[in-house]
Amino acid sequence: MRALSYNFLKALLRCLAPHYSLIPPMTLITLTTDFGVGDSYVAVMKGVILAIAPDARIVDITHQIAPHNIHEAAYVLSSAVPYFPPDTVHVVVVDPGVG
């Protein structure tokens, strides 16, 4: 299941590449996932983001959301979002376990 999520994420981020010119310089991007920190998934995601937007600033909110727990992710994100500038891009990847 995790490999499917990784492949989907990689494909999605690569689809955004042609739109790089629309991403303002020094964009602030936050990441919230259920990936954990015991493998390379977070690093790969950051690498793809930086390949698309090399000037982006990336902030990890957490990668320790319980697997498939979209409610926990929503709670954590809602707790953090008010402290970021309004133009921040918030990326959340939590597989709800439905496919």
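Up top you'll find the structure we're talking about.
No experiment lies behind these values; they were computed from the predicted model shown.

Engineer: So what's going on with the overall build of the chain? Which residues, and what values?
Structural biologist: For the chain, the helix and strand inventory stands at three helices and three strands. The order of helices and strands in the chain, counted from the N terminus, is α-β-α-β-α-β. Across the 99 residues that make up the chain, the buried fraction comes to 32%. The long-range fraction of contacts in the chain, counting pairs at least 24 apart against all pairs at least 6 apart in sequence, stands at 74%.

Engineer: Lay out the pairing of strand β2 (residues 57–62) in plain terms, naming residues and giving numbers.
Structural biologist: Sheet analysis places strand β1 (residues 28–33) next to β2, joined by five bridges and oriented parallel. Bridge pairing links L28 to R57 in β2. Viewed along the sheet, the connection from β1 through helix α2 (residues 41–52) into β2 turns out right-handed.

Engineer: Quick one: what's the story with unusual backbone geometry, residue by residue and with numbers?
Structural biologist: Positive phi values are uncommon outside glycine, yet H68 reaches one of about 70°. Checked against the element boundaries, H68 lands in the loop between β2 and α3 (70–80).

Engineer: Please provide a residue-by-residue account of the environment of D87, values included.
Structural biologist: Mapped onto the elements, D87 comes out in the loop between α3 and β3 (89–93). By relative accessible area, D87 is classed as exposed at 62%. Distance from D87 to L28, taken between C-alpha atoms, is 7.7 Å for residues 59 residues apart in sequence.

Engineer: Kindly report on the pattern of salt bridges, identifying the contributing residues and their values.
Structural biologist: In total, this model carries one salt bridge according to the counting rule given. Between D60 and K46 there is a salt bridge whose closest N-O contact spans 2.6 Å. Remark: K46 occurs in helix α2 and D60 occurs in strand β2; sequence separation between them is 14 residues. Accessibility expressed as a relative area gives 24% for K46, which makes it partly exposed.

Reading guide: rules and limits
Residues numbered from 1 in each chain as written. Predicted model: local features only at pLDDT ≥ 70, side-chain atom pairs only at ≥ 80, totals over all residues. Heavy atoms only, no water. Helix = DSSP H or I, 4+ residues; strand = E, 2+ residues; numbered from the N terminus. Buried < 20%, exposed > 50% of the residue type's maximum accessible area, 1.4 Å probe, protein only. Contact = heavy atoms within 4.5 Å. Pairing = 2+ DSSP bridges. Right-handed = clockwise from strand over helix to strand, strands pointing away. Salt bridge = Lys/Arg side-chain N within 4 Å of Asp/Glu carboxyl O.

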